[in-house]
Amino acid sequence: SAALTKLGVRTKGPIKVYAVGLYEGGGGAQTFMLKMSYGVGAQKMSSALSDALKPRIGDAKLISDFEETLVKGLPDGAPKGTELVFGTGGGKLSLAVNGKNVGSIGSKPLAAAFANIYCDKNAVCEMKSVGDATDESQAGGLITPKRGAIVGAALGFGIGKLLS
């Protein structure tokens, strides 16, 4: 099952937009869970993520497929508390919203580019190893190590179902 290994918080100015958890699964599969701490419209959320993808992958068609899938998966936008789970294993980028699978795009380069939004040297937010995140502030108070085991187990279960 997938283990929570890193946490980050995406901010825009003083606003914490979402917390992101990185789960490492078997065979190098990485899963990213974004938990919205601030409500954002579907179009805005998809533009922000596709803008982060653009410098990491040059394929405009894949980026527009990604935007379409995301917008389709967020018919009511991404209000506070929304959970977006992006899976990068199996040669595809998959998306689930609040535990419901909404689609996937079969492209290894796209999956790798998405992972790099959070993992390369120009990552959109600092990702801290879960072992280091000992105080609430580092995890934006959304996912905390004290609760981390419980959250991790609950998410691991949900993610296990999505990835199987």
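A few words on unusual backbone geometry. At Asn-98, a residue that is not glycine, the phi angle is positive and equals roughly 50°. By the element assignment, Asn-98 lies in the loop between strand 5 (93-97) and strand 6 (100-105).

Moving on: the packing of aromatic side chains. All chains considered together, the criterion is met by seven aromatic pairs. Ring centres of Tyr-18 and Tyr-118 lie 6.5 Å apart, and the angle between their planes is 70°; on these two criteria the pair is classed as edge-to-face. In this pair, Tyr-18 is assigned in strand 2 (residues 15-24) and Tyr-118 in helix 3 (residues 108-119), connecting sequence segments 100 residues apart.

It is worth spelling out the sheet that holds strand 5 at this point. Sheets are built from strands that pair by backbone hydrogen bonding, the pairs being arranged parallel or antiparallel. Here we have seven strands laid out as an open sheet, ordered 6-5-4-3-2-1-7, and antiparallel in their pairing. Since the sheet does not close on itself, it has two edges, and those belong to strand 6 and strand 7 (127-129), each with one partner. Across this sheet, the average inter-strand angle for adjacent strands is 20°, counted without regard to direction. By the bridge criterion, seven bridges tie strand 2 to strand 3 (residues 30-36) in an arrangement that is antiparallel. Pairing of Val-20 across the sheet is with Leu-34, part of strand 3. Of the strands in this sheet, strand 2, strand 3, strand 4 (83-87), strand 5, strand 6 and strand 7 touch helix 3, which is tilted by about 55° from strand 3.

Let us look at the packing of helix 1 (residues 42-53) against helix 3. Helix 3 packs onto helix 1 with a crossing angle of 100° between their chain directions and a minimal axis gap of 9 Å. The angle between the axes of helix 1 and helix 3 places the two elements in the roughly perpendicular class. Between helix 1 and helix 3, the contacting residues are Leu-49, Ala-52 and Leu-53 on the first element and Leu-110, Ala-113, Phe-114, Ile-117 and Tyr-118 on the second. Of the residues contributing to the contact of helix 1 with helix 3, the split by class is eight nonpolar, no polar and no charged.

Core analysis: the largest hydrophobic core is formed by 36 residues, its most contacted members being Leu-49, Phe-86 and Tyr-118. Looking at this core, the elements with two or more residues in it are strand 2, strand 3, helix 1, helix 2 (60-73), strand 4, strand 5, strand 6 and helix 3. With seven residues, helix 3 is the single largest residue contributor to this core. Among residues more than four places away in sequence, those in contact with Tyr-118 are Tyr-18, Val-20, Phe-32, Leu-34, Leu-49, Ala-123, Val-124, Cys-125 and Met-127. Core analysis: the second largest hydrophobic core is formed by seven residues, Leu-4, Tyr-23, Met-33 and Ala-96 among them.

Turning our eyes to something else, we now look at the confidence of the model for the protein. Put simply, the protein has an average pLDDT of 85, and 79% of its residues get 70 or more. Note that residues 133-141 has pLDDT below 50 and, in this model, 14 contacts with residues that lie over four places away or in other chains. Note on residues 144-164: pLDDT is under 50 here. Beyond four places in sequence and across chains, it has 23 contacts.

Parameters and conventions
- Residues numbered from 1 in each chain as written.
- Predicted model: local features only at pLDDT ≥ 70, side-chain atom pairs only at ≥ 80, totals over all residues.
- Heavy atoms only, no water.
- Helix = DSSP H or I, 4+ residues; strand = E, 2+ residues; numbered from the N terminus.
- Phe/Tyr/Trp six-rings, centres within 6.5 Å; stacked < 30°, edge-to-face > 60°.
- Pairing = 2+ DSSP bridges.
- Axes fitted to C-alpha atoms, helices over the stretch in contact; angles between N-to-C directions.
- Contact = heavy atoms within 4.5 Å.
- Parallel < 35°, antiparallel > 145°, perpendicular 65-115°, else oblique.
- Nonpolar A, V, L, I, M, F, W, Y, C, P; charged D, E, K, R; others polar.
- Core = buried A, V, L, I, M, F, W, Y, C linked by side-chain atoms within 4.5 Å.
- Buried < 20%, exposed > 50% of the residue type's maximum accessible area, 1.4 Å probe, protein only.
- pLDDT = per-residue confidence, 0-100.

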